[in-house]
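# Residue-level structure breakdown
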Amino acid sequence: MTRMNIRLLQPAGLVASPAFSHTAIVPPGATTIYVGGQNGVDENGSVVSADIAEQSLRAVENAGVALEAAGATLGDVIAWTVLIDADADLRAAYGAIAPKLARPGAPPLVTAARVAGLAVPGALIEVSAIAALPPR
């Protein structure tokens, strides 16, 4: 699928998934935006809840705020990295954020990993993103 010259591909020979693509092609002249790791914290840096679903939603919302500051939206994300505490409920985390990450027809690339812990005490999830805006 092409989104104004930015292409997300699901090549034949690789698993087809409605949740993620395998390859992103960003044309010359496009603007690439990198969002560093976002946790489920409020504007003061306090963890919003001990619940993984609530933290997950807030982490994605925080990524959205960072994207907006750069003139982009969650819909412009071409790749997500999701780090989840090894003891956290993976299904609850993805259940909460999957609708926000999904994009019918051309889902973003997704890399996920379980980790022993995160830098923010009490944080159960951290997300980072790469977005691309088409050439103007």
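Residues numbered from 1 in each chain as written. Predicted model: local features only at pLDDT ≥ 70, side-chain atom pairs only at ≥ 80, totals over all residues. Heavy atoms only, no water.

### Let's talk about the overall build of the protein chain
Note the following rule: Runs of H or I in DSSP of at least four residues are treated as helices and runs of E of at least two as strands, each being numbered from the N terminus. With the radius of gyration taken over C-alpha atoms, the globule rule is written as 2.2 Å times the number of residues to the power 0.38. Burial status follows relative accessibility: with a 1.4 Å probe on protein chains alone, a residue under 20% of its type maximum counts as buried, one over 50% as exposed, and anything between as partly exposed. We call two residues in contact whenever any of their non-hydrogen atoms come within 4.5 Å of each other. Accessible surface is estimated by sampling points in the Shrake-Rupley manner with a 1.4 Å probe; for residues, cover comes only from the protein chains shown. Only four residue types enter the tally: Lys and Arg on the positive side, Asp and Glu on the negative side; His and the chain ends are excluded. Charged side chains are reduced to one point each, which is NZ for Lys, CZ for Arg, CG for Asp and CD for Glu.
A count of helical and extended segments in the protein chain gives 2 helices and 7 strands. For the protein chain, the sequential pattern of α-helices and β-strands runs β-β-β-β-α-β-α-β-β. Relative to the globule expectation of 14 Å for 136 residues, the C-alpha radius of gyration of the protein chain, 15 Å, shows essentially globular dimensions. Principal-axis analysis of the C-alpha atoms gives the protein chain an extent of 40 × 35 × 20 Å. Going through the 136 residues of the protein chain one by one, you find that 38% of them count as buried. Taking contacts inside the protein chain between residues at least 6 apart in sequence as the whole, the part at least 24 apart equals 73%. Surface accessibility of the protein chain: about 7200 Å² in total, with carbon and sulfur atoms responsible for 57%. Taking the average place of the 8 positive charges on the side chains of the protein chain and the average place of its 11 negative ones, the gap between the two points comes to 14 Å.

### Focus on the sheet that holds strand β6 (residues 109-115)
Our working rule: When DSSP finds two or more bridges between a pair of strands, those strands are recorded as paired. Axis definition: a line fit to C-alpha positions, over the contact stretch in the case of helices; interaxial angles, taken between N-to-C directions, run 0 to 180 degrees.
Strands sit in the order β4-β7-β5-β6 across an open sheet of 4 strands; the sheet is mixed. Only two strands of the sheet have a single neighbouring strand rather than two, namely β4 (31-39) and β6. The mean inter-strand angle of the sheet, taken between neighbouring strand axes irrespective of direction, is 10°. As paired elements, strand β5 (residues 77-85) and β6 share 7 bridges and run parallel to each other. Across the sheet, residue Leu83 finds its bridge partner in β6, namely Ala113. Across the sheet, helix α1 (residues 52-69) lies against β4, β5 and β7 (125-133), angled at about 150° from β4, the strand it touches most. Its contacts with the sheet place helix α2 (residues 90-101) against β5, β6 and β7, and it is angled at close to 165° to β5.

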